[in-house]
Amino acid sequence: MKKIVVLCIGVLLLGGCLATTLFVGVGLVTGYTLGNDSATGNVKSGYSELWSHSLETLKMMRGDIIGVNESKGLIKAKVSDNDVVIKIDSLDTDIQRLRVSARKYLLPKQNIAQNIFVKIIRNP
């Protein structure tokens, strides 16, 4: 399983996006893509479960949570001097769209966003 994850991350770093399916801790992730400053994917998980995994991940990374709005699915935090925004949109009762974006001094930090995204979906 670790080899598959490492291979998929390697493809992401080399290719820029991944049009495949990943099976990880929180649930099934489909259509995982990378934007200029963000990592986005559909996660097969309940909203509250994904919300709590996102907050736990930020706390484990020693991030300072600046603002939360659970009804809008928005978490703003500061992780290692990077401004991180996590957005969760409910597509269905068991499918959520997770978007993690990261910037430092207004410059996009795609690798930070990707790292946080992967940690959230791997969180047991």
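What counts as what
- Numbering of residues starts from 1 in each chain and follows the order in which that chain's sequence is written.
- Since the coordinates come from a predicted model, pLDDT governs what is reported: local features require at least 70, and pairs of side-chain atoms require 80 or more to be given and counted, while whole-chain, interface and lining totals use all residues.
- Water and hydrogen atoms were dropped before computing side-chain values, which therefore reflect all heavy atoms in the structure.
- Ring pairs shown here join Phe, Tyr and Trp side chains whose ring centres sit within 6.5 Å, with only the six-membered ring taken for Trp; geometry is labelled stacked below 30 degrees between planes, edge-to-face above 60, and tilted in between.
- Here a strand is any run of E in DSSP of at least two residues, a helix any run of H or I of at least four, and the numbering for each starts at the N terminus.
- Buried Ala, Val, Leu, Ile, Met, Phe, Trp, Tyr and Cys residues that are joined via side-chain atoms within 4.5 Å together make up what is termed a nonpolar core.
- Buried residues are those whose accessible area, probed at 1.4 Å on protein chains only, stays under 20% of the maximum for their type, while exposed residues exceed 50% and partly exposed ones sit between those limits.
- We call two residues in contact whenever any of their non-hydrogen atoms come within 4.5 Å of each other.
- A pair of strands is treated as paired once DSSP finds two or more bridges between them.

Asker: Provide a residue-level description of the packing of aromatic side chains, including the pertinent values.
Answerer: By the definition in use, this model includes one aromatic pair. For the pair Tyr-47 and Trp-51, a centre-to-centre distance of 6.3 Å together with 15 degrees between the ring planes defines the contact as stacked. Here the residue Tyr-47 and the residue Trp-51 both occupy positions in helix α2 (residues 47-60), the gap between them amounting to four residues, near one helical turn.

Asker: Let's hear about the nonpolar core: which residues, and what values?
Answerer: Across soluble globular proteins, nonpolar side chains show a tendency to be buried alongside one another. One finds Val-84, Ile-86, Leu-98, Val-100, Ile-116 and Ile-120 to be the most contacted residues of the largest nonpolar core, which totals 21 residues. Those elements that provide at least two residues to this core are β3 (38-44), α2, β5 (74-79), β6 (82-92), β7 (95-104) and α3 (110-122). The dominant element in this core, judged by the number of residues it contributes, is α3, at five residues. Residue contacts for Val-84: discarding those within four places in its chain leaves Ile-75, Lys-76, Ala-77, Val-79, Val-100, Ser-101, Ala-102 and Ile-116.

Asker: Which residues make up the pairing of strand β4 (residues 64-69), and what values go with them?
Answerer: Taking burial as the measure, the six residues of β4 include zero buried ones, a minor fraction of the element. Relative to β5, β4 is paired through five bridges, and the arrangement is antiparallel. When the bridges of β5 are listed, Asp-64 appears paired with Lys-78. A loop of four residues connects β4 with β5, the two strands running antiparallel in sequence, and Gly-73 in this loop sits at a positive phi of about 70 degrees.

Asker: An account of the pairing of β5 is requested, with residue identities and associated values reported.
Answerer: Residues in a regular strand point their side chains to alternate faces of the sheet. Here β5 shows a clear split, with Ile-75, Ala-77 and Val-79 buried on one side and none of Leu-74, Lys-76 and Lys-78 buried on the other. Pairing between β5 and β6: six bridges, direction antiparallel. Looking across to β6, one finds that Leu-74 is bridged to Lys-87. Linking β5 to β6, which pair antiparallel, is a turn of two residues; within it Ser-80 sits at a positive phi near 50 degrees.

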